Amino acid sequence: MAKCAMRKMRRKGLASMAVQTVATAKNVDLGPAAALSCRECGERFPLGPIFACELCFGPLEIAYDLPAGDPEALRKQIEAGPANIWRYAPLLPVPADVADKPNLNPGWTKLVQADNLARELGVEPGKLFVKDDSGNPTHSFKDRVVAQALEAARAFGFTTLSCSSTGNLAGAVGAAAARAGFRSCVFIPHDLEQGKVVMAAVYGGDLVGIEGTYDDVNRFCSELIGDPLGEGWGFVNVNLRPYYAEGSKTLAYEICEQLGWRLPDQLVIPIASGSQLTKIDKGLQELIKLGLVEDKPYKIFGAQAEGCSPVSAAFKAGHDVVRPQKPNTIAKSLAIGNPADGPYVLDIARRTGGVVEDVDDERIVDAIKLLARTEGIFAETAGGVTVGVTRKLIEAGLLDPALTTVVLNTGDGLKTLDAVAPTTGPTATIRPSLDAFRDAGLA
Ligand SMILES: *Cc1c(COP(=O)(O)O)cnc(C)c1O
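Colleague: Help me understand the overall build of the chain, please; the structure alone is not making it clear to me.
Modeller: The number of helices and strands found in the chain is 16 helices and 13 strands. Against the 2.2 N^0.38 benchmark of 22 Å for 443 residues, the chain shows a C-alpha radius of gyration of 22 Å, consistent with a compact globule. Seen through its principal axes, the chain has C-alpha atoms that stretch 75 × 50 × 50 Å. The buried share among the 443 residues of the chain stands at 58%. Counted over contacts in the chain with a minimum sequence separation of 6, partners at least 24 positions apart contribute 71%. Approximately 17800 Å² of the chain is accessible, and the part contributed by carbon and sulfur atoms is 52%. Within the chain, the 53 negative side-chain charges are centred at a point lying 2 Å from the centre of the 46 positive side-chain charges.

Colleague: How do you make sense of the sheet that holds strand β7 (residues 183-189) when you look at a structure like this?
Modeller: Ordered in space as β8-β7-β6-β9, the four strands form an open sheet in which the pairing is parallel. Looking at the sheet topology across the chains shown, the edges are occupied by β8 (206-210) and β9 (233-235). Strand after strand, the sheet turns through a mean of 20 degrees between neighbouring axes, direction not considered.

Colleague: For this particular structure, what's the right way to read empty space enclosed by the protein?
Modeller: Left-over empty space is what a probe sized like a water molecule reveals as it rolls over the atoms. Summed over the entire model, instances satisfying the criterion amount to one cavity of 30 Å³ or more. Taken as a whole, the largest cavity spans an internal volume of roughly 50 Å³. Lining the largest cavity are Asn103, Leu104, Pro106, Asp143, Val146, Ala147, Leu150, Ala172 and Ala176. The biggest single contributor to the lining of the largest cavity is helix α4 (residues 142-156), with four residues. When grouped by side-chain class, the residues that make up the lining of the largest cavity number seven nonpolar, one polar and one charged.

Colleague: What am I meant to see in the site of the ligand here?
Modeller: Near the ligand you find 15 residues, and of these Lys142, Ser273, Gly274, Gln276 and Thr410 are the closest. Taking glycine 274, its main chain carries an N or O atom lying 2.8 Å from an oxygen atom of the ligand. Separating an oxygen atom of the ligand from a backbone N or O atom of glutamine 276 is a distance of 2.8 Å. For the ligand, whose unbound accessible area comes to 390 Å², protein coverage reaches 97%. Of the residues in the shell around the ligand, the class split is six nonpolar, seven polar and two charged.

Colleague: Teacher, can you tell me more about the environment of valine 145 here?
Modeller: Structurally, the position occupied by valine 145 is in helix α4. Residue class for valine 145 comes out buried when judged on its relative accessible area of 0%. The sequence separation of valine 145 and arginine 241 amounts to 96 residues, and the corresponding C-alpha distance is 9.1 Å. Sequence-distant contacts of valine 145, defined by excluding residues within four places in its chain, comprise Tyr244, Ala245, Gly247 and Ser248.

Colleague: Where do I start with the side chain of arginine 241 in this structure?
Modeller: Within the element layout of this structure, arginine 241 appears in helix α8 (residues 241-246). Apart from residues no more than four positions distant in its own chain, arginine 241 is found in contact with Phe235, Val236, Ser273, Ser275, Ala340 and Asp341.

Colleague: Please clarify how unusual backbone geometry should be interpreted in this entry.
Modeller: As a rule of thumb, non-glycine residues mostly have phi less than zero, and peptide bonds are mostly trans rather than cis. Its identity is not glycine, yet tryptophan 108 carries a phi of approximately 50 degrees, on the positive side. Position of tryptophan 108 among the secondary structure elements: in the loop between α2 (71-79) and β4 (110-113). Residue classification places tryptophan 108 among the partly exposed positions, given a relative accessible area of 27%. Phi at histidine 139 takes a positive value of approximately 65 degrees, unusual for a residue other than glycine. When you line up the elements, histidine 139 lands in the loop between β5 (128-132) and α4. The class for histidine 139 is partly exposed, based on a relative accessible area of 33%.

Colleague: Would you mind showing me how to read the pairing of β7 here?
Modeller: Every other side chain in a regular strand lies on the same face of the sheet, so the side chains alternate between the two faces. Within β7, six of the seven residues are buried, which leaves the element mostly enclosed by the surrounding structure. Strand direction decides the pairing type here: strand β6 (residues 160-164) and β7, joined by five bridges, are parallel. Looking across to β7, one finds that leucine 161 is bridged to serine 184. Of the crossover connections in this fold, the one passing from β6 over helix α5 (residues 168-180) to the parallel β7 is right-handed. Bridging between β7 and β8 involves five bridges; their strand directions are parallel. Bridge pairing in β8 links proline 189 to isoleucine 210.

Colleague: Can you help me understand the nonpolar core in this one?
Modeller: One broad rule of soluble globular proteins: the nonpolar side chains tend to lie buried together. Counting residues in each nonpolar core, the largest one holds 122 residues, and the members touching the most others are Leu117, Leu284 and Val385. A total of eight residues in this core trace back to one element, the largest contributor, which is α4. Not counting chain neighbours up to four residues away, the residues in contact with leucine 117 comprise Leu128, Val130, Leu370, Leu371, Thr374, Glu375 and Val387. One finds Cys185, Phe187, Leu224 and Ile225 within the second-largest nonpolar core, a separate group that totals 12 residues.

Colleague: Sorry, what's going on with the packing of aromatic side chains here?
Modeller: For any pair of aromatic rings, the description consists of the separation of the ring centres together with the inter-plane angle of the planes. In total, this model carries four aromatic pairs according to the counting rule given. Judged by centre distance (5.3 Å) and plane angle (70 degrees), the ring pair of phenylalanine 156 and tyrosine 243 falls under edge-to-face. Of the two residues, phenylalanine 156 sits in helix α4 while tyrosine 243 sits in helix α8, which places them 87 residues apart along the sequence. Each member of the pair, phenylalanine 156 as well as tyrosine 243, carries the same accessibility label: buried. Between arginine 39 and the ring centre of tyrosine 344, over which it is positioned, the NZ or CZ distance is 4.0 Å. A cation over a ring is seen here: arginine 87 above tryptophan 108, with NZ or CZ 4.0 Å from the ring centre.

Rules of the game
- Residues numbered from 1 in each chain as written.
- Predicted model: local features only at pLDDT ≥ 70, side-chain atom pairs only at ≥ 80, totals over all residues.
- Heavy atoms only, no water.
- Helix = DSSP H or I, 4+ residues; strand = E, 2+ residues; numbered from the N terminus.
- Rg over C-alpha atoms; globule rule 2.2 N^0.38 Å.
- Buried < 20%, exposed > 50% of the residue type's maximum accessible area, 1.4 Å probe, protein only.
- Contact = heavy atoms within 4.5 Å.
- Areas by Shrake-Rupley, 256 points an atom, 1.4 Å probe, with all protein chains shown as cover.
- Lys, Arg positive; Asp, Glu negative; His and termini not counted.
- Charge placed at Lys NZ, Arg CZ, Asp CG, Glu CD.
- Pairing = 2+ DSSP bridges.
- Axes fitted to C-alpha atoms, helices over the stretch in contact; angles between N-to-C directions.
- 1 Å grid on protein atoms, 1.4 Å probe; cavity = no way out; pocket = protein on both sides within 12 Å on 5 of 7 lines; lining within 4 Å.
- Points joined across faces, edges and corners; volume = space filled by probe spheres on them.
- Nonpolar A, V, L, I, M, F, W, Y, C, P; charged D, E, K, R; others polar.
- Near = heavy atom within 4 Å.
- Polar contact = N/O pair within 3.5 Å; in protein donor to acceptor, adjacent residues only side chain to side chain.
- Right-handed = clockwise from strand over helix to strand, strands pointing away.
- Core = buried A, V, L, I, M, F, W, Y, C linked by side-chain atoms within 4.5 Å.
- Phe/Tyr/Trp six-rings, centres within 6.5 Å; stacked < 30°, edge-to-face > 60°.
- Lys NZ or Arg CZ within 6 Å of the ring centre and 35° of its normal.

Structural data, given as structure tokens:
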């Protein structure tokens, strides 16, 4: 009881602002999305740009009228769809004709069978996979969530797209807005990696650096939503958050379809706010309910950087409440010290028999290099976190190397060059002569 009350208190500030800005959105067409429902008390609300329950201040999520009937027919329909997230439109809060609208069509990224990495980690060959989301249009998984938020923004009549971002989201919003003809104005902590800043700015929208941490940026955006200054703005991860979050379900759908409509046994997922992890679980549960995969147990493992590990700290301490931290890690895309979905992540890890673990910055860099060296995949720091945590969990006997395991790489190493640059470079620098090359001892 006390814990629940604390959670609600924490959310109260945001919720009261959300209530003020409720726009009634009648007749919006968001496909199978039927209503918003409170994740705490279950109360339902009509679809609109709101994100907190008016009764208990709990966060809202999408409730669906999912297609009932023959799973085989639905599977065929999906398989005949486009090679992007819209093949799953019948399961997403988007109109049926979404594929015809201008957007970046993210998704259907590679699921790489990582036998070389498996060998290094002591996993059975054929059992380890990397879901490589660096292949999305702006080189991170964020294109998936932004694509859903864009449809909600269209449906609710917003003309400006905005967000608070740890870096990747700002770029994804800028690009999606450019393609769809929206104005964008995005907010980031002022001290991000150059690759992230350039990516966020190059699409021509407005980019604002805030002197503070991501949590300061997020608080600022919440204030902006409640102010006339932010009127008409769709903040993809604040007032459009219920729609945005659903984009992560497509990772679950793709992984299962790419495994031949099978559930993996174990998934290793990075945690920033925790939204992605909770929605991958939601996606897997839907596939089971729809009869698209067989109903069997799976374990979800959460991965954080030691320098920002509020969820893994709570997991290890056996707490239900996540105590905020001040981030200090090279994994800046995951540096959310006060993760909104933290308590739900704890629930899912415990329910499925998984673990939430963290790795230090040195192991993150080692893991980035290990993945690059074994599989030719250059991950950003978040990918170093998941690979590093996978290795740590196997060493500790907490992840079973005999079972099918999917490790997520959610971003591209070219955006976080600073993390590996100090320990990576030419093997030798020589004069252009055979003698010099012979002396270098590389032939
Ligand atoms: C945003 C992000 C995540 C996870 O975000 P959640 O807030 O937990 O949904 C993971 N990896 C990368 C690279 C990201 O940018």
